Amino acid sequence: MTESFEPLLDLYLAHPTWGTDIELQGLMIEVIEQRHPRVLAKLDTLTDRRQVELVSFHYSDQLFLAYPSTDMEWSQELNHRAFDRAGLPISPVVFTQEGQFGEGMLAFMLPRGYRIALLPKNLLRHQHPSFDQRPEPYYETSGALVVVAGKGLSRPDLGLEIVWTFFNDGELLATNDLNPYAGTLFVHTPETVARHEQEIASLETQGFRIETISRCVEAIENAGIPPSPLPPILDGTWQPDDTGNLFRWMGGSGVFADDEADNTILTGNYRLRKKVLAADVLAGLLPATANEARKAEALAALDEAKRALLLAEVSDSTGWNPWAGEIRYSREWNAKGGESAERAIGILSDLLGQPVAVDTSARTAVNDFDESDLEAADPPVPVEIPAESRPGVVHAFSVDGRKNLWDIRVEFHAGSVPPIIYFPRSTDRLAYSPTLQEDIVRDVPLSAFGFGSTAIPLANGLIGLGDDLFLIQDAETIHVAAQIGTDLPWIRFEDRTAPHEPVTWVFRILKGTPEEALREADRLNVHPRVQLRPSPDDDGGLCTALPHPTGSTTQALLALLMVALSGMLKRWKRLRFVSERPET
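Residues numbered from 1 in each chain as written. Predicted model: local features only at pLDDT ≥ 70, side-chain atom pairs only at ≥ 80, totals over all residues. Heavy atoms only, no water.

**Student:** Please set out the sheet that holds strand β3 (residues 93-94) residue by residue, giving values where relevant.
**Tutor:** Strands pair in a sheet through their backbones, by hydrogen bonds, and they do so in one of two ways: parallel or antiparallel. The strand order across the open sheet built from five strands is β3-β4-β6-β5-β9, with neighbouring strands paired in mixed fashion. Here the strands that pair on one side only, and so sit at the sheet edges, are β3 and β9 (228-229). For β3 and strand β4 (residues 116-120), the ladder comprises two bridges, and the chain directions are parallel. What sits directly across from Val-93, in β4, is Ile-116. Its contacts with the sheet place helix α8 (residues 213-222) against β3, β4 and β6 (144-149), and it is angled at close to 105° to β4. (Pairing = 2+ DSSP bridges. Helix = DSSP H or I, 4+ residues; strand = E, 2+ residues; numbered from the N terminus. Contact = heavy atoms within 4.5 Å. Axes fitted to C-alpha atoms, helices over the stretch in contact; angles between N-to-C directions.)

**Student:** Describe the pattern of salt bridges, naming the residues involved and giving the relevant values.
**Tutor:** Note that side chains of opposite charge can pair when their charged atoms are close. The tally for this structure, following the rule as stated, stands at 33 salt bridges. Across the pair Asp-71 and Arg-273 runs a salt bridge, and its minimum N-O distance is 2.8 Å. Here the residue Asp-71 occupies a position in helix α4 (residues 69-86), and Arg-273 occupies one in helix α10 (residues 262-284), the gap between them amounting to 202 residues. The closest approach of N and O atoms between Arg-209 and Glu-211, which form a salt bridge, is 3.0 Å. Judged by relative accessible area, Arg-209 falls into the exposed class, the value being 60%. Residue Glu-211 is classed as partly exposed on the basis of its relative accessible area of 27%. Each of Arg-402, Asp-407, Arg-409, Arg-508, Glu-520 and Arg-523 takes part in a single network of salt bridges with overlapping partners. (Salt bridge = Lys/Arg side-chain N within 4 Å of Asp/Glu carboxyl O. Buried < 20%, exposed > 50% of the residue type's maximum accessible area, 1.4 Å probe, protein only.)

**Student:** Got a sec to walk through the nonpolar core? Specific residues and values, please.
**Tutor:** Inside soluble globular proteins, nonpolar side chains tend to come together where they are buried. Core analysis: the biggest nonpolar cluster contains 35 residues, and Phe-57, Phe-101, Met-105, Leu-106, Met-109, Leu-119 and Met-250 have the highest contact counts within it. Among the elements of the structure, α5 (103-109), β4, α6 (121-127), β6 and α10 are those that each provide at least two residues to this core. Broken down by element, the residue count for this core peaks at four residues, all from α5. Beyond its immediate sequence surroundings of up to four residues, Met-109 is in contact with Phe-57, Val-94, Tyr-114, Arg-115, Ile-116, Ala-117 and Ala-144. Core analysis: the next-biggest nonpolar cluster, separate from the first, contains 32 residues, Ile-408, Leu-446, Leu-458 and Ile-509 among them. (Core = buried A, V, L, I, M, F, W, Y, C linked by side-chain atoms within 4.5 Å.)

**Student:** Explain α4 to me, using residue names and the numbers behind them.
**Tutor:** In this model, α4 (18 residues) spans 26 Å end to end at C-alpha, consistent with the 26 Å of a helix rising 1.5 Å per residue. Every buried residue belonging to α4 is among Ser-69, Thr-70, Asp-71, Met-72, Trp-74, Ser-75, Gln-76, Leu-78, Asn-79, Ala-82, Phe-83 and Ala-86, and all of these are buried. (Expected span 1.5 Å × (residues − 1).)

**Student:** Account for the sheet that holds strand β11 (residues 364-366), naming residues and giving values.
**Tutor:** Strands sit in the order β11-β10-β24 across an open sheet of three strands; the sheet is antiparallel. Each edge of the sheet is formed by a strand with only one pairing partner; in this case those strands are β11 and β24 (529-531). Adjacent strand axes in the sheet meet at a mean angle of 25° when their direction is disregarded. The strands touched by α10 within the sheet are β10 (357-359), β11 and β24, with β10 carrying the most contacts at an inclination of about 85°.

**Student:** Account for the packing of aromatic side chains, with residues named and values stated.
**Tutor:** One pass over the full model with this rule turns up 18 aromatic pairs. Centre to centre, the rings of Trp-249 and Trp-320 are 6.0 Å apart; their planes meet at 85°, and the pair counts as edge-to-face. Separated by 71 residues along the polypeptide, Trp-249 in the loop between α9 (240-243) and α10 and Trp-320 in the loop between α11 (292-312) and α12 (324-352) bring together distant segments of the chain. Here Trp-249 and Trp-320 have matching classes, each one buried. (Phe/Tyr/Trp six-rings, centres within 6.5 Å; stacked < 30°, edge-to-face > 60°.)

**Student:** Describe the environment of Lys-403, with residues and values.
**Tutor:** Considering the arrangement of structural elements, one finds Lys-403 in the loop between β13 (392-399) and β14 (405-412). Lys-403 gets classed as exposed once you look at its relative accessible area, which sits at 77%. Residues Lys-403 and Ala-377, 26 residues apart in the sequence, show an inter-C-alpha distance of 9.8 Å.

**Student:** How would you sum up the packing of α4 against α10? Please name residues and give values.
**Tutor:** Packing of α4 against α10 leaves a shortest axis separation of 11 Å and a crossing angle of 70°. Comparing the axis directions of α4 and α10 gives the class roughly perpendicular. For the crossing formed where α4 meets α10, the hand is left-handed. Two secondary-structure elements touch here, α4 through Thr-70, Asp-71 and Trp-74 and α10 through Arg-273, Val-276, Leu-277 and Asp-280. Of the residues contributing to the contact of α4 with α10, the split by class is three nonpolar, one polar and three charged. (Parallel < 35°, antiparallel > 145°, perpendicular 65-115°, else oblique. Left-handed = near helix turned anticlockwise from the far one by under 90°. Nonpolar A, V, L, I, M, F, W, Y, C, P; charged D, E, K, R; others polar.)

**Student:** Tell me about helix α2 (residues 26-35), and name the residues and values.
**Tutor:** Each α-helix winds once per 3.6 residues, and so residues spaced three or four apart point in a common direction. Taken as a whole, α2 has its buried residues at Gly-26, Ile-29, Glu-30 and Ile-32. Along the axis of α2, the buried residues cluster in a sector spanning 165°; they form a single face. Turned more than 90 degrees from where α2 packs its buried face, Gln-34 and Arg-35 sit exposed. Summarising the contacts, the buried residues of α2 are in contact with α3 (37-48), α4 and α11. (Arc of directions from axis to C-beta.)

Shown next, in the form of structure tokens:
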């Protein structure tokens, strides 16, 4: 805060005619308010002057593209709460952790007061190389304005020239390009700030206005320059060529590969969000006559669970080169969130008369819970474990006697090579749900894009195979990025961070309409039924909330703890420097 952030505020305080944008999260605002009153006062001055716009879309640095929209709704709620407490405004501009961008983000942001989204230049180039040759000042789609971030512009025909003074991790600017992973080397370097100050002053001397993004867009609009239509953009991040798009965060490995656990963390967060969803529904069912003290205790626990979930969803624990501390961070917050959610569920269940289950779609409590009936059957498509994968066995079942729904279980043996599975694709179109729009199926031709291959997150698990077949990940067992290509006849799932022990992945395949596929994906991943205790006809004792077939909660937590401790012992001497991360 004092080594890299405050020096930048001081720079702009010294130049009242200069504007800038700073992307940060509600969590950082909370830290500033609690620990750094001097910094908060400077931020207050700069935002009052409209010199600095605080760009903030999420409460925590979440990998939000990997999770359904409910999680982002909770994130928005906590984020606005943090900014309101601090008395700071949120910019109408959206730029997010790791430059995450998607069409669903645009639809999500508009009703919430955001107007302008930043599309990283590398992501646009990855998906549409030709657009890089003649960039437009800004674009429009579905009412949202989109600016290509980091891409300068010289258009004499429009009387317009745009230069970006800095577009990167903000902490690098004041510390001679070192980030906090450099430990005691991460210190304020006045010379680098002075150099940046001189560069901006030189631009101002040349006639440039040093403005915030929203004021720049406002000036372009006032000049009568209309936005150009935005081509289709798949969910992605700001360095897609270096990371396989989302793959680096969802199945890919980095420098510390032995410590990583992408699928374990992502599926664990899905199991946690299921508990939080159940508690949230129960809280909404409380009658006005409920015991006030117990109700307050339950709602406080629910708030804690939501916050812990958002912290556990942080992108740093699965992407680039996560070290043991970052991985432990997600796991510990996941465990804390589980404890808080279960405490909330216990209190709320007592107040509501011990319901058996919660239907999170209908937002009702129910007194029955039926598991799906599975019967051995042939899969509707060949499912291939390739030679480069660890060995495994594929089992297929029909679900509940239906002739159009199959359960595909892939049991990989123990091994040191990654588990990989291929599903054949018989279409040149991509049918999927953009993140934050899990209620629609977007159908676009792959020929509309210029990448050879990419990887997308499938927040609701859904992707089309062609011939009216839809594949759905069971996100509690498998939630890695779907690797696709414009000329590849398959969809590939791979986890290079999988434990050496046996692992099981579960998929559903449905033959039917997009609407039917959406309902199945919603029921399985987005708004599932959640069992709280045995049905009245069951013989067993009280269930722990949300059991899962991959093992007991205690076993899972012990395994996570052992891996985290192992990583700490092996990596405690290592530092990660910014040189590992390519320039923007």
